[in-house]
Amino acid sequence: SKLKPFQKLLVLKLLRPEKVVFGTSVFIGAQLGQEFVEAPPFDLEATFHDSAPRTPLIFVLVSGADPTQYLFNLAKAQGYELGSNLHLISLGQGQGPIAERLMDQTKAEGGWLCLQNCHLAESWLPKLDRKLEELRDAPEGDVNEDFRLWLTTMPTPKFPVTVLQNSLKLTIEPPKGLKANLGRAYAEIDEKFFESSAKPAIFKNMMFGLAFFNAVIQERRKYGAVGWNIPYQWMTSDLVTAQLNLKMYVDEQPEVPYEALMTVTADVVFGGRITDKMDVRTARTVLDAFFNKDAVENYASYCPQLDSRFKYQSPSEGPLESYRSYITSFPLVDRPEIFGLHQNADISSQQKESKEIADAIIAVQPRTSSGGSGKSNDEIVLEIAEDLARQMPPALSRKEAHSSVFRKLADGSVNPLGIFLGHEMSKFNKLIIQMQSMLREIARAIKGLVVMSADLDAMYANFLFQQVPGPWGENGKGYPSLKPLSSWFKDFIERVAFMRSWLSGGPPSTFWISAFFFPQGFFTSALQAHARKFQLPIDQLLFRASVMESMGIADTPSPPENGVYIHGMFMEGARWNPQEGCIDESHYGELFAPVPVLHLQPANLEDPEPKSTFECPFYKTNVRAGTLSTTGHSTNHVCNFDIPTKLEAGHWIRRGAALISQLNE
């Protein structure tokens with residue numbers, strides 16, 4: 001009770017960081033007023049009445065919200081018709097001159113012109129800026145009073161600032177929650193189309209399942225990587241296309257072609273926007289909950305575990321209004337289980353939102369000191385730099401290598417794991433040298449002995465906010481990591497210490513997989529070692545994973561006879577149950593569960609695949625999204641392991657279960 005409101009928010013950030021987003025809303029509402037917390041209703045007509053012929057109106061596009069239909073409705077109410085005095089043009093290659101001609105025409109004759117997707121014509125935007133400057137400076141009689149220019153664009157740094165400053169900006173908040181998403185989908189369905197199928201019961205049930213699927217994939221985005229590795233920008237047009245395909249397949253086939261509809265809907269219509277192969281698998285698995293015989297023909301529940309709270313299912317066949325009425329009975333707050341996720345996904349979602357708020361605040365912070373009695377920024381950064389420099393480990397040298405590390409095999413070649421260690425040493429040494437150099441230079445720059453370069457200036461800001469400098473990260477000489485500076489440096493010291501212990505003491509009993517720059521290279525080297533040992537072709541081998549009882553080097557006395565042991569991984573979206581010997585549901589509040597040692601045993605490609613397993617993806621960080629590197633490997637996704645399960649594999653795919661090499665703390 002003695003704390004001020006902002007101090008209470010700081011305590012909340014310290015004790016329950018995932019609740020900061022709620023605390024921030026309460027704080028802003030109390031300090032500035034509720035109108036700054038609650039989004040106003042979208043009123044395009046009121047904005048139109050505030051507009052003028054020389055002032056463009058800009059729709060800032062967001063995923064899941066399409067302003068085109070609102071514009072059509074307003075145009076119709078104001079007496080404008082498409083093709084007559086309402087013109088739409090989607091910008092892209094070669095469309096600039098056409099847009100300029102239409103601007104000149106509608107400016108003189110009157111009418112509305114909508115230039116869609118300005119972000120797709122970045123090279124033409126400077127020309128748009130000049131045209132609008134001419135519009136603002138045009139003589140009084142040259143601009144028709146009925147002329148209005150509408151622009152739609154996704155956020156882009158290339159958009160001209162002067163256009164933004166001299167325009168009215170609008171955006172539409174996409175519907176949040178299943179109830180709002182389904183309500184909007186059914187509000188936009190044409191009743192004639194809804195009643196036009198030759199098999200009304202099947203068609204309407206699958207239409208409801210399709211709309212439900214569309215809402216679920218939209219809502220899964222808010223849960224971060226457990227929902228989707230990459231947050232895709234699905235639009236209303238995707239749902240409309242899927243509805244048209246659904247009607248065609250249902251009406252033209254004697255039996256419902258479930259497999260064909262799964263492929264067309266999940267892999268083509270919605271899957272056409274998906275670029276991550278694990279997300280392709282997720283989309284198909286999520287749709288399977290709605291496009292199956294039991295759900296369509298027997299009205300089975302979409303989520304049986306929530307039936308005691310609310311039974312989500314397709315309603316009995318009826319008119320369009322009955323479906324709209326049923327949707328209004330949905331709970332206001334959606335539980336993550338309906339999206340196929342665990343309750344812990346709510347905590348992950350809240351942490352993600354809170355981190356975005358904190359990052360935005362940090363991004364706009366001034367770099368000047370407050371002038372109080374505490375340390376200055378220069379003193380803080382210099383202290384951090386000197387402290388890190390004192391703890392820097394020396395470079396790794398082959399001179400300290402154990403005799404077994406680079407020992408040659410019987411055929412005269414160096415053992416593959418030794419070659420891999422040499423590559424990793426080279427990468428660590430490059431990082432160590434760069435860190436030592438930058439720490440030395442920033443200390444000299446703060447003391448005024450050298451000029452503060454752009455890299456050092458960015459490093460200065462990073463140190464103030466406990467961030468890892470860019471040149472030390474994956475885009476520089478380092479590796480992917482989401483840890484703050486202090487945790488990252490401690491992890492870096494431990495990685496180098498592990499590599500040094502391998503170098504000087506010989507191969508360990510189990511390898512810390514999280515320590516490597518390129519774990520894919522380790523797997524290939526381990527397979528190659530086995531292939532050479534038994535004179536087998538490496539392209540016919542792969543690893544099968546077995547989960548052991550031990551947790552790390554301390555309780556793993558010796559390496560296996562064949563294959564390798566690895567440790568250091570965590571599981572998100574699930575956990576390993578040692579009593580049952582299989583993957584199991586997470587404990588509430590445990591977002592990342594430690595995984596015991598894995599025994600990677602080489603097996604032949606032609607051997608039968610193990611049954612009752614889940615193909616669990618393994619990532620370097622829990623962002624999961626990555627880009628394809630020049631080697632053809634993802635910068636984040638490492639490989640998949642077959643983990644035993646007693647439930648169907650689809651359950652864990654919907655859960656977003658995955659192995660992660662390191663935590664963010």
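Some thoughts on the overall build of the protein chain
Along the protein chain, the regular secondary structure elements total 22 helices and 16 strands. Residue burial in the protein chain is summarised as follows: out of 665 residues, 48% are buried. Restricting to contacts in the protein chain with at least 6 residues of sequence separation, those with at least 24 account for 73%. Within the protein chain, one finds 65 positive and 76 negative side-chain charges whose respective centroids are separated by 6 Å.

Details of the packing of helix H2 (residues 20-31) against helix H16 (residues 344-363)
As a packed pair, H2 and H16 sit with axes 8 Å apart at the nearest point and diverge in direction by 55 degrees. It follows that H2 is oblique to H16 by the angle criterion. Mapping the contact onto sequence places Val20, Val21, Phe22 and Thr24 in H2 and Gln350, Glu353, Ser354 and Ile357 in H16. Counted by class, the contact of H2 with H16 contains 4 nonpolar, 3 polar and 1 charged residues.

A short note on the sheet that holds strand E16 (residues 658-660)
Spatial ordering of the open sheet is given by E12-E9-E16-E14-E15, a layout of 5 strands whose pairing is mixed. The open sheet is flanked by strand E12 (592-594) and strand E15 (637-644), the only strands paired with a single partner. Neighbour-to-neighbour, the strand axes of this sheet turn through a mean angle of 35 degrees, independent of strand direction. Together, strand E14 (613-619) and E15 form the strand contacts of helix H13 (residues 277-288), whose direction differs from that of E14 by roughly 140 degrees. Sheet strands touched by helix H21 (residues 519-534): E14 and E15. Its angle to E15, the strand with the most contacts, is close to 60 degrees.

Describing helix H4 (residues 68-77)
Those residues of H4 that sit buried are Thr68, Leu71, Leu74 and Ala75. When H4 is viewed along its axis, its buried side chains cluster within an angular range of 125 degrees and face the same direction. Exposed residues on H4 whose side chains face more than 90 degrees from its buried face are Lys76 and Ala77. Remark: Gly79 follows H4 within two positions and exhibits a positive phi of approximately 90 degrees.

Considering the sheet that holds strand E3 (residues 112-116)
Strand order in the open sheet formed by 5 strands is E2-E3-E4-E1-E5, and the pairing between neighbours is parallel. Each of the sheet's edge strands pairs with one partner strand only, and the pair in question is strand E2 (86-90) and strand E5 (168-170). On average, each strand axis in the sheet is inclined to that of its neighbour by 20 degrees, with strand direction left out of account. Of the pairings in the sheet, the one linking strand E1 (residues 57-60) to strand E4 (residues 148-153) comprises 4 bridges and is parallel in character. Its bridge partner being in E4, Ile58 is matched across the sheet by Leu151. Its contacts with the sheet put H4 on E2, E3 and E4, and the angle it makes with E3 is roughly 175 degrees.

Re the packing of helix H11 (residues 236-252) against helix H12 (residues 258-269)
Where H11 contacts H12, the axes come no closer than 11 Å and their chain directions differ by 160 degrees. The angle between H11 and H12 falls in the class roughly antiparallel. Here H11 and H12 pass one another in a crossing that is right-handed. Here Asp238, Thr241, Ala242, Asn245, Leu246 and Tyr249 of H11 come into contact with H12, specifically with Ala260, Leu261, Val264, Thr265 and Val269.

Some thoughts on the environment of Pro610
Of note, Pro610 is situated in the loop between strand E13 (598-604) and E14. By relative accessible area, Pro610 is classed as partly exposed at 36%. When sequence neighbours within four positions are dropped, the list of residues in contact with Pro610 reads Arg544 and Asp642.

Some details on the packing of aromatic side chains
In this description, an aromatic ring pair is defined by two values, namely the gap between the centres and the angle between the planes. One pass over the full model with this rule turns up 49 aromatic pairs. Relative to Phe511, the ring of Trp502 has its centre 5.0 Å away and its plane inclined at 70 degrees; by these criteria the two rings are edge-to-face. Residue Trp502 shares its accessibility class with Phe511, and that shared class is buried. Aromatic ring contacts, followed pair by pair, group Tyr186, Phe194, Phe208, Phe212, Phe290, Tyr302, Phe310, Tyr312, Tyr323, Tyr326 and Phe330 into a single cluster. The ring of Trp228 carries Arg220 above its face, with NZ or CZ at 5.7 Å from the centroid. Over the ring of Phe406 we find Arg398; its NZ or CZ atom is 4.2 Å from the centre of that ring.

A word on the pairing of E4
Burial analysis of E4 places 6 of its 6 residues in the buried class, the great majority of the element. Of the two faces of E4, the one carrying Arg148, Trp150 and Thr152 and the one carrying Leu149, Leu151 and Thr153 are both buried. Judged from the 4 bridges that link them, E3 and E4 form a sheet pairing that is parallel. Bridge assignment links Cys114 to a residue of E4, and that residue is Trp150.

Description of helix H20 (residues 485-505)
For H20, spanning 21 residues, the distance from its first C-alpha to its last is 30 Å, which sits close to the expected 30 Å at 1.5 Å a residue. Within the sequence span of H20, burial applies to Leu485, Trp488, Phe489, Asp491, Phe492, Arg495, Val496, Phe498, Met499, Arg500, Trp502 and Leu503. On its buried face, H20 sits against helix H17 (377-391), helix H18 (416-446), helix H19 (454-464) and strand E6 (511-512). Phi turns positive one or two residues past the end of H20, at Gly506, with a value near 90 degrees.

Re the nonpolar core
The biggest cluster of nonpolar side chains holds 73 residues, and the ones touching the most others in it are Trp472, Phe492, Phe523, Ile566 and Phe641. Looking at this core, the element that brings in the most residues is H18, giving 14 residues. Setting aside chain neighbours within four positions, we find Trp472 in contact with Leu388, Leu431, Gln434, Met435, Met438, Leu439, Met459, Phe463, Gly478, Tyr479, Leu485 and Trp488. Within the second largest apolar cluster, 58 residues are counted, among which are Phe193, Phe194, Val286 and Phe290.

Structural notes on unusual backbone geometry
Phi angles above zero are rare outside glycine, and Gln466 is one such case at about 55 degrees. By the secondary structure assignment, Gln466 is in the loop between H19 and H20. For Gln466, a relative accessible area of 33% corresponds to the partly exposed category. The phi dihedral of Ser612 falls on the positive side, at around 55 degrees, and the residue is not glycine. Mapped onto the elements, Ser612 comes out in the loop between E13 and E14. By relative accessible area, Ser612 is classed as exposed at 55%.

Conventions and cut-offs
- Residues numbered from 1 in each chain as written.
- Predicted model: local features only at pLDDT ≥ 70, side-chain atom pairs only at ≥ 80, totals over all residues.
- Heavy atoms only, no water.
- Helix = DSSP H or I, 4+ residues; strand = E, 2+ residues; numbered from the N terminus.
- Buried < 20%, exposed > 50% of the residue type's maximum accessible area, 1.4 Å probe, protein only.
- Contact = heavy atoms within 4.5 Å.
- Lys, Arg positive; Asp, Glu negative; His and termini not counted.
- Charge placed at Lys NZ, Arg CZ, Asp CG, Glu CD.
- Axes fitted to C-alpha atoms, helices over the stretch in contact; angles between N-to-C directions.
- Parallel < 35°, antiparallel > 145°, perpendicular 65-115°, else oblique.
- Nonpolar A, V, L, I, M, F, W, Y, C, P; charged D, E, K, R; others polar.
- Pairing = 2+ DSSP bridges.
- Arc of directions from axis to C-beta.
- Left-handed = near helix turned anticlockwise from the far one by under 90°.
- Phe/Tyr/Trp six-rings, centres within 6.5 Å; stacked < 30°, edge-to-face > 60°.
- Lys NZ or Arg CZ within 6 Å of the ring centre and 35° of its normal.
- Expected span 1.5 Å × (residues − 1).
- Core = buried A, V, L, I, M, F, W, Y, C linked by side-chain atoms within 4.5 Å.

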